[in-house]
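# Overview (structure and organization)
One-letter residues, chain by chain:
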Amino acid sequence: MERVTIPPPAQAPPAAPSYRRSHLDQLESESIYLMREVAAQFERPALLFSGGKDSIVMVHLARKAFWPAKFPFPLLHIDTGHNFQEALDFRDRLAARLGCELLVRTVQDSIDRGRVVEETGPHASRNALQTVTLLDALAELRIDAAFGGGRRDEEKARAKERFFSHRDRFGQWDPRNQRPELWNLFNGRRGPGEHFRVFPLSNWTELDVWQYIAREGVDLPSLYFSHRREVFFRDGQWLARSPWVPLLPGEAYEERTVRFRTVGDATCTGAVESTAATVEEIVVEVAAARVTERGTRADDRRSEAAMEDRKRQGYF
Amino acid sequence: MSVAEEAEARAGGYEQAARQYREMDLLRFTTAGSVDDGKSTLIGRLLYDTKSIFADQLEAIEGATRRRGEEGINLALLTDGLRAEREQNITIDVAYRYFATPRRKFIIADTPGHVQYTRNMVTGASTAELAIVLVDARKGVLTQSRRHGFISSLLRIPHVLVAVNKMDLVDYRQDVYDAIVADYSGFAEKLGVQDLTFIPISALAGDNVVAKSERLGWYNGATLLHHLESVNVGADRNLVDFRFPVQYVIRPHQDFRGFAGRVASGTVTPGEEVVVLPSGVATRVRSVEAFEGPLPRAAEGDSVVVTLADEVDVSRGDMIVRRNNLPTVGSRLDAMLCWIGEQPLDPATPYVIQHTTRSSRAFVSRVVYRIDVDTLHREEAARLEMNDIGRVEVTASVPLFFDAYQGNRATGSFILVDPYTNVTVAAGMIRGPVQTADELFPAAAPGPAAVSPDVVWEGWNVPREEREARNGHGAAVLWFTGLSGAGKTTIAGRVERRLFEAGVQTMLLDGDTLRHGLNGDLGFSPADRAENIRRVGEVARLFFAQGAIVLCTFVSPYREDRARVRALLPEGRFVEIFVHAPLDELRRRDPKGLYARADRGEVANLTGVSAPYEPPEAPEMVLRTDRLSVDEAVDQVLARLRAEGLLPG
Ligand SMILES: Nc1nc2c(ncn2[C@@H]2O[C@H](COP(=O)(O)OP(=O)(O)O)[C@@H](O)[C@H]2O)c(=O)[nH]1
């Protein structure tokens, strides 16, 4: 029997594809572009991994940027020795899961070798000391580009920070010697001994980061979510009970429902009282926040220009 | 409102934002104004009124305001950054600010005025889709305001918003506003600003910034924030010309080779035919990959990984483009340059040019003129200094793949870097290739596919001049054109023999030899004839660069094709020789029997009979072979070469 082929019905033309992209898509694409640019322009990049959400988001972006290959740089953690155990565990699990190289350099080591002197007193913090450990590590490992999670919305002095931030041979930042960044052309040329800090999250705000974490389902250390913890109140904020911070007269531990907005050195990272236990709840809470994230860091509270001074010296 | 109430209000707005964030898009804008026009106040106002200022920031500013002996909160203090500037009360660099409404996230590139004004504004404008130009209502349109408009148009910012500020100080009078609108509109028309909007505001009092003001009741338009929220972003995106500069090669294992990059413009879908530049190899897109999996397409701005159907050698700096939509390829750029380096432009410095993901050495070979940014007059200039803008010619050491900045910001922009200090010294916007053949003979350029002829003078390892010095004679291309049977091959053959015997480096190219090999794929349609001659010209150019006297014998019936070859060579080195005899004389000779066959209709497209021949208008030589013997003709050619100094006396 002869078969008659019936032509398929004329199909409706497919709807014109939408090329519209959300702000998160655009931020993500920009960050990926930057990371690839660094991998191409530099010989020995490293990702400064603090254990905080910004560096975790950076790792997530790095995976995306080089997929299906592994990202071509190690994680470098500068450990003050005063870290929350949850953050350290999370760090080790993450590195093991991704199979990436994790390098750790400790402030304790810098102290032991006499590179720095431990601060004393009730407000002692190793936050300032880590700059030395960091610069030593960069020199030792001959790292020419170090990714940092800094964002321009964090603090006034960061508003003028570049994506590619040039550091001289002493690791220092000179606000007058930064290169204008035009279009998406990044100039990573450097002299011997000089390096760059690169900030792929420059254009993100705290809210963007949380929205992105929610969208992407990025895993975070438990510290970020509401939990019961022994804390004490000092200088207008809650600090966690830890072996490193002795109580002052009049201070006492109490158990509160708190979470951390940043995860850094336990001696100076304040907790906020919060019941936000999921990423979505945090997004709402952050959106309504009255205080900047850095407002919970004792190290920034020391003086109005504190951040700027630390940056000049080579801080993160 | 108290701080607590502020926070409440913000919480409401942001909760909504948190839910709607998938809907939010992004607008990058830049702000410009002369000192004290109220730019910082306006930005402070925007941040304040959109509840983007945190309580701790607000407290800090209240404190700072008090310490300055002022009352309330000085909104301008919100946006000023570094301590040195706070002390000097000026801002010295582009600062970025962020705020969001439920609809849109905003990135402000806040560019201060003052000394390095041009440099800062160009930097801020390079990524902006909208510019706010502030005008002080009391002062009207000043030189500075015009300058801002000019730079916005130079950088092709699609939307310009003129905020007429300090309306409170002119009693909110409409006539003051109208006069400024009329004045600025006339000016903007000359610049070709595409989308120009005016809004009367008081940044200090908050009129028409976020909330509509009754004191400006005569104004019916949108508030400033509403305009920012509703302006059509992305309308200026180039979604037509697919350009994919390869950023990084991703090769996790033997079976995967992907090219990572951000789509500079256009769109791409799997299966499309593409060409890789500079190799010119054609292939197809096998897939467009992302972490989430293969994508049906990628568009301008997307960071993706492209895999190709064939094993093609591709590395960083190459560009993948659509087969029938190519950028210009060339190493000489006609560009507008904004000089931002502290040291003036030096024509002897081999700068590093960064263009897309490609970089090479480049000289600024010529300053055509400088623009006075205040008067917009062009003036002659030998060099450019910091904050100067001028039109220049740039010669790169490798071909670049570019488009005019006007139609493509990503492939039309470049920077120059000082090779000694590594500092970025200039921002460039490409107008096009340096116009040589294309400008002189527009008809000769067969569409955008044309590889710019400028590639010619590119760094040969051993320069031609050295070869000529050793050979003891000059290089040249002798182009014999004329109808079949006119005597081109005979004369050229004898000339070559004579030269060769005198120890001259020679090469003879004729239609038959080339059509056997290199041009075996070409027929005799006008397009194929043009391509035939183009390739011959390129081959001749190579032998020329090698120091030879190249003799080419081609009917080459079209003037444009011959002009194109001429344009490939330096002045005086292309000798066009019209070998001519009347048609009936040719019919009589007819050595190959072509005319007879054509007359019988057996040969189509015989030049001079059934296909046109365009005789040269100003050839270097005409050889009337019906009046000259072969030897006489040969002697004339040799005499001419001696007269030109190409052969030793
Ligand atoms: N009356 C009035 N004063 C304003 C307005 N906008 C800004 N100013 C004042 O103009 C001066 C300069 O403003 P500022 O924002 O620092 O200008 P900038 O140099 O452009 O950043 C300050 O004293 C402001 O208070 C306005 O709309 N009305």
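Once a new chain begins, its residue numbering starts again from 1 and follows that chain's sequence as written. To label them, take the chains in the order written and letter them from A, then take the ligands in the order written and number them from 1. Local features are withheld for residues below a pLDDT of 70 in this predicted model, meaning they are given only at 70 or higher, and side-chain atom pairs are given and counted only at 80 or more; totals for whole chains, interfaces and linings count all residues. To get the side-chain values, take all heavy atoms of the structure and skip hydrogens and water.

Let us now look at the overall build of chain B. Broken down by element type, chain B carries 17 helices and 28 strands. For every residue, the accessible area obtained with a 1.4 Å probe (protein chains only) is divided by the maximum for its type, and the residue is called buried under 20%, exposed over 50%, and partly exposed between those limits. Out of the 649 residues in chain B, the part that is buried amounts to 57%. Areas reported as accessible are Shrake-Rupley estimates using a 1.4 Å probe. Residue values count occlusion only from the protein chains shown. Total accessible area computed for chain B in this model is approximately 27,100 Å², and 49% of it derives from carbon and sulfur atoms. Only DSSP runs of H or I reaching four residues or more are called helices, and only runs of E reaching two or more are called strands; each is numbered from the N terminus.

Regarding its fold elements, chain A presents 9 helices and 10 strands. Buried residues in chain A amount to 61% of all 316 residues. Carbon and sulfur atoms make up 51% of the accessible area of chain A, which amounts to about 12,900 Å² in all.

Residue and element names in this part refer to chain A. Mapped onto the secondary structure, His-23 falls in helix 1 (residues 23–41). Relative accessible area serves as the criterion here: at 0%, His-23 is assigned to the buried category. Polar contact is defined as a pair of N or O atoms within 3.5 Å, subject to the rule that within protein one atom must be able to donate a hydrogen and the other to accept it, and that residues adjacent in sequence are counted only when both atoms are side-chain atoms. Engagement of the side chain of His-23 in a polar contact is seen with the side chain of Asp-208, the distance being 3.5 Å. Reaching out from His-23, the side chain makes a polar contact with the side chain of Gln-211 at a distance of 3.0 Å.

This part covers the site of the ligand. Residue and element names in this part refer to chain B. In the neighbourhood of the ligand, 16 residues make up the surrounding shell, with Asp-36, Lys-39, Ser-40, Thr-41 and Asp-168 lying closest. Here an oxygen atom of the ligand sits 2.9 Å away from a polar atom, N or O, in the side chain of Asn-165. One of the side-chain N or O atoms of Lys-166 is found 3.1 Å from an oxygen atom in the ligand. Here the ligand has 580 Å² of accessible area as a free molecule, and 76% of this is covered by the chains. Here the element with the most residues in the shell around the ligand is helix 2 (residues 39–49); it accounts for 3 residues. Here a residue is considered near a molecule or strand provided that any single heavy atom belonging to it is located within 4 Å of it.

This part takes up the pairing of strand 7 (residues 227–234) of chain A. All names here are of chain A. Taken together, the 5 bridges between strand 7 and strand 9 (residues 254–260) define a ladder with antiparallel strand orientation. Bridge pairing links Arg-229 to Arg-256 in strand 9. Here, a strand pair is defined by DSSP locating no fewer than two bridges between the strands. Sheet analysis places strand 7 next to strand 8 (residues 237–240), joined by 4 bridges and oriented antiparallel. Across the sheet, residue Phe-232 finds its bridge partner in strand 8, namely Leu-239.

Turning our attention to the side chain of Asp-302 of chain B. Along the polypeptide, Asp-302 of chain B turns up in the loop between strand 14 (298–299) and strand 15 (303–308). At a separation of 2.9 Å, a polar atom in the side chain of Asp-302 of chain B contacts the main-chain amide nitrogen of Ala-299 of chain B. Any two residues whose heavy atoms approach within 4.5 Å at even a single point are treated as in contact. Those residues in contact with Asp-302 of chain B that lie beyond four places of it in its chain are Arg-21 and Ser-29 of chain A together with Gly-261, Arg-262 and Val-263 of chain B.

Bringing the sheet that holds strand 2 (residues 75–79) of chain A into the picture now. All names here are of chain A. What the 6 strands build is an open sheet, ordered 3-2-1-4-6-5; its pairing is mixed. Edge positions in the open sheet fall to strand 3 (102–106) and strand 5 (164–167), since each of these has one partner strand only. Mean inter-strand twist for the sheet, computed between neighbouring axes without regard to direction, equals 30°. Pairing of strand 2 with strand 3, which is carried by 5 bridges, proceeds in the parallel orientation. Bridged to Leu-76 within strand 3 is Leu-103. Where helix 1 meets the sheet, its contacts fall on strand 1 (45–48), strand 4 (145–147), strand 5 and strand 6 (195–198), and the angle it forms with strand 5 comes to roughly 40°. Orientation is described by axes fitted as lines to C-alpha atoms, over the contacting stretch for helices, and by angles from 0 to 180 degrees between their N-to-C directions. The sheet strands contacting helix 5 (residues 130–140) are strand 1, strand 2, strand 3, strand 4 and strand 6, and the helix crosses strand 2 at an angle near 145°.

What follows covers the pattern of salt bridges. A pairing counts as a salt bridge when a side-chain nitrogen of Lys or Arg comes within 4 Å of a carboxyl oxygen of Asp or Glu. Counted according to the given criterion, the structure contains 70 salt bridges over all chains. Put simply, Lys-64 of chain A and Glu-216 of chain A hold a salt bridge, and the shortest N to O gap is 2.7 Å. Of this pair, Lys-64 of chain A sits in helix 2 (residues 53–66) while Glu-216 of chain A is found in helix 6 (residues 206–216), placing the two residues 152 residues apart along the sequence. Look at Lys-64 of chain A and you get buried, because its relative accessible area is 6%. Between Glu-254 of chain A and Arg-256 of chain A there is a salt bridge, with the nearest N and O atoms lying 2.9 Å from each other. Residues joined in a network through salt bridges with shared partners are Asp-25, Glu-28, Lys-64, Arg-215 and Glu-216 of chain A together with Glu-292 of chain B.

Let's shift gears to the packing of helix 6 of chain A against helix 7 (residues 279–287) of chain A. All names here are of chain A. Running from N to C, helix 6 and helix 7 point in directions that differ by 165°, and their axes come no closer than 9 Å. Taken together, the axes of helix 6 and helix 7 are roughly antiparallel relative to one another. For the element pair helix 6 and helix 7, the recorded crossing hand is left-handed. Contacts from Glu-206, Leu-207, Trp-210, Gln-211, Ile-213 and Ala-214 in helix 6 reach Val-279, Glu-280, Ile-282, Val-283, Val-286 and Ala-287 in helix 7. Grouping the constituent residues of the contact of helix 6 with helix 7 by class yields 9 nonpolar, 1 polar and 2 charged. Should an angle fall under 35 degrees it is taken as roughly parallel, and over 145 as roughly antiparallel, whereas 65 to 115 is taken as roughly perpendicular and any remaining angle as oblique. Take the far helix as your reference; a near helix turned counterclockwise from it by less than a right angle gives a left-handed crossing, and one turned clockwise gives a right-handed crossing. Under the scheme applied here, ten amino acids are nonpolar (Ala, Val, Leu, Ile, Met, Phe, Trp, Tyr, Cys and Pro), four are charged (Asp, Glu, Lys and Arg), and all others, including Gly, are polar.

Residues and elements named next belong to chain B. Of the residues in chain B, 88% have a pLDDT of 70 or more, and the chain-wide mean is 85. You can read pLDDT as the predictor saying how much it trusts each residue, on a scale of 0 to 100. Element-level mean pLDDT values for chain B span from 37 in helix 9 (residues 437–440) up to 98 in strand 7 (residues 243–245). Scored below 50 in pLDDT, residues 437–458 makes 45 contacts in the model with residues more than four places away or belonging to other chains. In the predicted complex, the global pTM is 0.74; the interface-specific ipTM is 0.86.

Note: predicted coordinates in regions of low pLDDT should not be interpreted at a detailed level. Taken residue by residue, chain A gives an average pLDDT of 83. The fraction at 70 or more is 84%. Here residues 297–305 of chain A scores under 50 on pLDDT; set against residues more than four positions off or in separate chains, the count is 28 contacts.

This part covers the packing of aromatic side chains. Each Phe, Tyr or Trp ring (for Trp, its six-membered ring) is paired with any other whose centre lies within 6.5 Å, and the angle between the two planes then decides the class: stacked below 30 degrees, edge-to-face above 60, tilted in between. With the rule as written, the count across this model stands at 28 aromatic pairs over all chains. For the ring pair Trp-67 of chain A and Phe-291 of chain B, a centre distance of 6.4 Å and an interplane angle of 85° mean the geometry is edge-to-face. In this pair, Trp-67 of chain A sits in the loop between helix 2 and strand 2 while Phe-291 of chain B sits in the loop between strand 12 (281–290) and strand 13 (293–295), so the two residues belong to two different chains. A relative accessible area of 28% means that Trp-67 of chain A is categorised as partly exposed.

As a further point, take the sheet that holds strand 9 of chain A. Residue and element names in this part refer to chain A. On the basis of which strands lie adjacent, the closed barrel formed by 4 strands has the order 7-8-10-9 and antiparallel pairing. Along the sheet, successive strands turn relative to each other by an average axial angle of 70°, direction set aside. Two elements, strand 8 and strand 10 (residues 270–273), share 2 bridges in a ladder whose sense is antiparallel. Directly across from Leu-239, in strand 10, lies its bridge partner Gly-270.

What we call a nonpolar core is a set of buried Ala, Val, Leu, Ile, Met, Phe, Trp, Tyr and Cys residues that are connected through their side-chain atoms within 4.5 Å. Among the nonpolar cores identified, the biggest contains 74 residues, and Phe-29, Ile-132, Leu-155, Leu-224 and Leu-228 of chain B are the most heavily contacted of them. When residues in this core are grouped by element, the largest group, 8 residues, is from helix 7 (residues 174–191) of chain B. Here Ile-132 of chain B is in contact with Phe-29, Thr-30, Thr-31, Ala-32, Leu-42, Leu-161, Ala-163, Leu-224 and Leu-228 of chain B, once residues within four sequence places are set aside. Among the nonpolar cores identified, the runner-up in size contains 68 residues, and Leu-94, Ala-95, Leu-201 and Ile-213 of chain A belong to it.

Before going further, it helps to spend a moment on the environment of Ala-124 of chain A. All names here are of chain A. Structurally, Ala-124 is set in the loop between helix 4 (107–112) and helix 5. Separated by 104 residues in sequence, Ala-124 and Arg-20 have C-alpha atoms that sit 50 Å apart. Leave out the neighbours within four places in its chain, and Ala-124 touches Glu-119 and Thr-267.

All names here are of chain B. Counting buried residues in helix 2 gives 8 out of 11 residues, a clear majority hidden from the surface. Looking at the buried positions of helix 2, the neighbouring elements they touch are strand 1 (25–32), strand 2 (95–100), strand 3 (104–110), strand 4 (130–136) and helix 8 (224–230). Where helix 2 terminates, the next one or two residues include Lys-51, which has phi positive at roughly 55°.

What follows covers helix 17 (residues 630–643) of chain B. Residues and elements named next belong to chain B. Under the 1.5 Å per step criterion, the end-to-end length of helix 17 is 20 Å for 14 residues, consistent within 8% with the ideal 20 Å. Along helix 17, the positions that sit buried rather than exposed are Ala-633, Val-634, Val-637, Leu-638 and Leu-641. The arc enclosing the buried residues of helix 17, seen along the axis, measures out at 130°, which places them on a common side. Note on helix 17: the residue one or two positions beyond its end, Gly-645, has a positive phi of about 80°. Expected helix span is taken as 1.5 Å per residue step, with the number of steps being one fewer than the number of residues. The arc in question is the one traced by the directions running from the helix axis out to the C-beta atoms.

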